[in-house]
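Descriptive structure summary
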Amino acid sequence: METKIPNNAHYEIPGNPSTAKSSALKLNDRKNGRALRVLSDEDWTFWITNGYVVIKQAVPREQALKTADFLWEFEEKDPHDSATWYTAPRAEMKMKELAGTGMVECYNNQLLWDNRSQKRVYDAFVDVWGTEKLWVTIDRANLNFPIRPGHEYKAFIHWDYDPETKPVNVQGVLALADQLDENMGGFQCIPELFRSYDTWKLTQPDDRDRFKPDITGFTPTKVKLAAGDLLIFNSTQPHGIRANNSDKVRCAQYISMMPAEEDNASLKDWRINSWKDRIAPEGYAFPGDPRKWEQTKYTTAKLNDLGRKILGLDAW
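Now for a quick tour of the structure. (Residues numbered from 1 in each chain as written. Predicted model: local features only at pLDDT ≥ 70, side-chain atom pairs only at ≥ 80, totals over all residues. Heavy atoms only, no water.)

Turning our eyes to something else, we now look at the sheet that holds strand S1 (residues 52–55). Strand order in this open sheet of six strands is S1-S8-S5-S10-S4-S2, and the pairing throughout is antiparallel. With one partner strand each, in any of the chains shown, S1 and strand S2 (103–104) form the two edges of the open sheet. Where S2 lies against strand S4 (residues 141–144), two bridges are found, and the strand directions are antiparallel. Paired with methionine 103 across the strands is asparagine 142, a residue of S4. Sitting on the sheet, helix H2 (residues 61–75) touches S2, S4, strand S5 (170–175) and strand S10 (250–254), and the angle it makes with S4 is about 75°. Strands in contact with helix H4 (residues 119–129) are S1, S5 and strand S8 (230–234); relative to S8, the strand with the most contacts, it is inclined by about 20°. (Pairing = 2+ DSSP bridges. Helix = DSSP H or I, 4+ residues; strand = E, 2+ residues; numbered from the N terminus. Contact = heavy atoms within 4.5 Å. Axes fitted to C-alpha atoms, helices over the stretch in contact; angles between N-to-C directions.)

A separate point is the pairing of S10. Here S10 lies mainly inside the structure; five of its five residues are buried. Residues of S10 alternate between two faces, with Arg250, Ala252 and Tyr254 on one and Cys251 and Gln253 on the opposite face, all of them buried. The sheet contact formed by S4 and S10 spans four bridges and is antiparallel. Among the inter-strand pairings, leucine 143 is bridged to a residue of S10, identified as cysteine 251. Looking at chain direction, S5 and S10 are connected through three bridges and run antiparallel. Residue pairing across strands places alanine 175 opposite alanine 252, the latter belonging to S10. (Buried < 20%, exposed > 50% of the residue type's maximum accessible area, 1.4 Å probe, protein only.)

Written out as structure tokens, the structure reads:
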């Protein structure tokens, strides 16, 4: 039986509802003196200055490529036959900016959980949060195909959370194939706007769209990733998916973590049911898979000890 996410703040706005909308715990400021696990001092400086950081080989390359193979299977498409790539969407995407960007409506497959449960992935999020007690987002993946003539796609920049609310959160994306070609579809962001938001907003109209900034005068940064690399970015970072003007397919999995809310019994129960029964989040940006393949073709993922904790099945 499907259950609703309690107090879901994401029915009408973007963002992933499988964890809290914002954290009461602030991001790591390193005042506790604890050593970083994965990030170097140079990585840390880059992170706090630019609002994003890349963790090389957070997941073994072979495992990342294996996950990409699964996405092709799930989407019923052949990576070697472009005639199979361009099909009508199975469900309507309410968040129109994501229409045609290749979202794969799969959330709880074994391979996705294997990647979430990698210690190097977890340790990277421990570094940015400064706490070990984390829950992982239950999120999907992406196959972003080259743009065909006559099907132009305008890349977009947005926030998943209204920056005026000062959200304390991070987001992440794991590359499942090399994204080293700048013309490929993939993550882009604007570190300059991340740094200057408080002064930039003074130049903007009061009735501006709080989720879609006017980026006149800014040039988005295209972040290159190799298969297995994890990119983590601050949720106050304006970001989006760039147009894929190459002949390659961008493959990625969305992974993030934030402080566990073990006292939030209703959210914990939803998370456990999502994993056990392979249920997708409900929300503005999550149409789900009308075929119900996760329920009918695949079994509940087996979790290691870390996976059980970042899900909420076991307490920290």
